[in-house]
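# Coordinates in review
Listed here are the chains, written in short residue letters.
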Amino acid sequence: MTVLGGKKIVLGVSGGIAAYKTAHLVRLFIKAGAQVRVVMTPASKDFVTPLTLSTLSKNPVVSEFYSEENENELWNNHVELALWADIIVIAPATANTLSKMANGNCDNLLIATYLSAKCPVYFAPAMDLDMYKHPSTKDSFLKLKSFGNSIIPAEKGELASGLSGEGRMAEPENIVAFIENDITEKLPLKGKKILITAGPTYEAIDPVRFIGNHSSGKMGFEIAREAANKGATVILITGPTHLSIEHNFIQVVKVQSAQEMYVACNQFFADVDAAIAAAAVADYKPKNVASQKIKKNDVALSIELEKTIDILASLGKNKEKQYLIGFALETENELEHAKQKIIKKNLDLIVLNSLNDKGAGFGFSTNKVTFIDKNFVVEPMDLKSKADVAKDIISKIITHYNA
Ligand code: CTP
């Protein structure tokens, strides 16, 4: 996944020969994890079919204000479409469409959608070289830029007219790269590195058995996804889970035991700006690991346990610039225990989970947390999805770095 993952994109296609390339563009958006809805000008349908684009975008394509085919939905609502979008991309943007955008000449659904939009708009001009150079076109570019729209510059090369020069629509790969770069540049955690621990640890008893816990890793993975979506480079150090995550900004380091997690954390910690310990690290491990499978016999078996190293406390000790966040899972005297952990582990913030709260803790996709900062300011949060809790946690780091 890239920064386009989960983004809602309205692709506006106007009537130039480069419209045939939008089939590939839609595929790239979908591959990046975006949702796509296509609006076509009537003229563009001569260059690429609505069926092609609706099949690839997995959504109906709209072109007219009134839809004759669909009796249940006669009115194609440009306002709804524009407000649905996180970004609007007009590609290809012909001289005609650009001029209409610049002057508010609202004679088709694409322009109506554009004029209703509040989100960022990108446009990829496509026209012959002399049209591209014409003062009237340059005027449109300037006007659109002054509205805050972003131009994806045309490329040089052979044009449909047979001439060669500037005016070819940027290649779909370059359009996607341009938008991804632009979004990344503006992300609040761009340039920041964040270390996150997740999941349980497994402490070996013998070659086939271990001591573990029920942590699913969900909370840590959601935090990693959110941090990456906000532009951070993420090192996700995870114990064994069934989860997987694909994101250009996330490096996953898989470990088994607390000791392995400790080694991995300390390898990366000096270089990060923040660390979030969401892993459910085993507090104890067998003192001696049997080298062969332990055979059963008639008497009871006892296993001597020793303490694992406290990873978070070790990070707290070595902390310099890092903003350090820990979790606390408590069943009684929650606030008091959490505050003690802030001091003991030298934290900037603790995320308290109380098992007394319904829907919180292991296995749930929801969580109910309370934030306590190092000055003991307590902030109870509502029951939320783990994805939303992750957003709240990451926004604490954003606030810290932007305050
Ligand atoms: N933690 C850690 N290494 C450990 C144990 C815990 O890094 N060996 C981290 C967890 O990832 C979590 C925080 O410490 O962010 C709190 O863990 P918790 O188990 O609630 O607290 P403990 O310090 O282990 O104390 P107790 O079990 O007595 O509540």
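Residues numbered from 1 in each chain as written. Predicted model: local features only at pLDDT ≥ 70, side-chain atom pairs only at ≥ 80, totals over all residues. Heavy atoms only, no water.

### A few points about the overall build of the protein
- Helix and strand counts for the protein come out as 13 helices and 21 strands.
- Its C-alpha atoms give the protein a radius of gyration of 27 Å, more than 25% over the compact-globule value 22 Å for 403 residues.
- In terms of overall dimensions, the protein has C-alpha extents of about 85 × 50 × 45 Å along its principal axes.
- The burial tally for the protein puts 49% of its 403 residues in the buried class. (Helix = DSSP H or I, 4+ residues; strand = E, 2+ residues; numbered from the N terminus. Rg over C-alpha atoms; globule rule 2.2 N^0.38 Å. Buried < 20%, exposed > 50% of the residue type's maximum accessible area, 1.4 Å probe, protein only.)

### Describing the packing of aromatic side chains
- For the coordinates displayed, the defined rule picks out four aromatic pairs.
- Through pairs of rings, three or more aromatic residues link up here, namely Phe123, Tyr132 and Phe141.
- Between the NZ or CZ atom of Lys138 and the centre of the ring of Tyr132, over which it lies, the distance is 5.1 Å. (Phe/Tyr/Trp six-rings, centres within 6.5 Å; stacked < 30°, edge-to-face > 60°. Lys NZ or Arg CZ within 6 Å of the ring centre and 35° of its normal.)

### Focus on the nonpolar core
- Leu4, Leu11, Phe29, Val38, Leu53, Ile175 and Ile179 are the most contacted members of the largest nonpolar core, which has 34 residues in total.
- With five residues, helix α1 (residues 22–31) is the largest single contributor of residues to this core.
- Ignoring anything within four residues of it in the chain, the contact list for Phe29 reads Leu4, Ile9, Leu11, Ala34, Val36, Val89, Val176 and Ile179.
- Core analysis: the next-biggest nonpolar cluster, separate from the first, contains 32 residues, Leu189, Ile223, Ala228 and Ile276 among them. (Core = buried A, V, L, I, M, F, W, Y, C linked by side-chain atoms within 4.5 Å. Contact = heavy atoms within 4.5 Å.)

### Overview of the sheet that holds strand β8 (residues 193–198)
- Taken together, eight strands build an open sheet; the order of strands is β12-β11-β8-β13-β16-β17-β19-β20 and the sheet is mixed. Looking at the sheet topology across the chains shown, the edges are occupied by β12 (250–254) and β20 (378–380). Averaged over all neighbouring strand pairs, the angle between strand axes comes to 15 degrees, with direction disregarded.
- Across three bridges, strand β19 (residues 369–373) lies against β20 in antiparallel orientation. Within β20, the residue paired with Ile372 across the bridge is Val378. (Pairing = 2+ DSSP bridges. Axes fitted to C-alpha atoms, helices over the stretch in contact; angles between N-to-C directions.)

### Here we look at the domain arrangement of the protein
- Taken domain by domain, the protein holds domain 1 (8–185) and domain 2 (193–402).
- Distance between the C-alpha centres of domain 1 and domain 2: 44 Å. (Domains from an automatic or database assignment.)

### Notes on the pattern of salt bridges
- In the structure shown here, the tally under the stated rule is 22 salt bridges.
- We note a salt bridge from Glu304 to Lys287, for which the minimum N-O separation is 3.8 Å. Highlighted residues: Glu304 in the loop between β14 (284–286) and β15 (305–307) and Lys287 in the loop between β14 and β15, separated in sequence by 17 residues.
- Residue classification places Lys287 among the partly exposed positions, given a relative accessible area of 42%.
- A salt bridge links Lys374 to Asp348, with the shortest nitrogen-to-oxygen separation between them at 3.6 Å. Of the two residues, Lys374 is situated in the loop between β19 and β20 and Asp348 in the loop between α12 (334–344) and β17 (349–354); the sequence distance between them amounts to 26 residues.
- Each member of the salt-bridge network shares a partner with another, and the members are Lys21, Arg168 and Glu171. (Salt bridge = Lys/Arg side-chain N within 4 Å of Asp/Glu carboxyl O.)

### Quick look at unusual backbone geometry
- That bond from Ala91 to Pro92 is cis: its omega, -5 degrees, falls within 30 degrees of zero.
- Of note, Pro92 is situated in strand β3 (residues 87–93).
- Phi at Phe376 takes a positive value of approximately 65 degrees, unusual for a residue other than glycine.
- Assignment of secondary structure puts Phe376 in the loop between β19 and β20.

### Describing the packing of helix α4 (residues 95–103) against helix α7 (residues 135–146)
- Two elements in contact, α4 and α7, have axes separated by 9 Å at closest approach and are oriented at 45 degrees. With respect to each other, α4 and α7 are oriented oblique. Where α4 crosses over α7, the two elements pack in a sense that is left-handed. Only Thr137, Ser140, Phe141, Lys143 and Leu144 of α7 make contact with α4, whose side of the interface consists of Ala95, Leu98, Ser99, Met101, Ala102 and Asn103. (Parallel < 35°, antiparallel > 145°, perpendicular 65-115°, else oblique. Left-handed = near helix turned anticlockwise from the far one by under 90°.)

### A closer look at the site of the ligand
- The immediate surroundings of the ligand are formed by 16 residues, with Ala277, Ala279, Leu312, Phe327 and Lys345 found nearest.
- Between the ligand and Leu312 there is a distance of 2.8 Å, counted from an oxygen atom to a backbone nitrogen or oxygen.
- Here an oxygen atom of the ligand and a side-chain polar atom of Lys341 are 2.9 Å apart.
- When the free accessible area of the ligand is taken as 570 Å², the share hidden by the protein chains comes to 77%.
- Elements with a minimum of two residues in the shell around the ligand: α11 (311–318) and β16 (323–330).
- Ranked by the residues each element gives to the shell around the ligand, the list is headed by β16, at four residues.
- Class assignment for the residues of the shell around the ligand results in 10 nonpolar, two polar and four charged. (Near = heavy atom within 4 Å. Polar contact = N/O pair within 3.5 Å; in protein donor to acceptor, adjacent residues only side chain to side chain. Areas by Shrake-Rupley, 256 points an atom, 1.4 Å probe, with all protein chains shown as cover. Nonpolar A, V, L, I, M, F, W, Y, C, P; charged D, E, K, R; others polar.)

### What to know about the packing of helix α10 (residues 258–269) against α11
- Contact geometry for α10 and α11: axes closest at 10 Å, N-to-C directions at 20 degrees. Taken together, the axes of α10 and α11 lie roughly parallel to each other. Between α10 and α11 lies a crossing of right-handed hand. When α10 is examined against α11, the residues Ala258, Met261, Tyr262, Cys265, Asn266 and Phe269 are found in contact with a partner set consisting of Ile311, Ser314, Leu315 and Asn318.
- For the contact of α10 with α11, the residue count by class is seven nonpolar, three polar and no charged.

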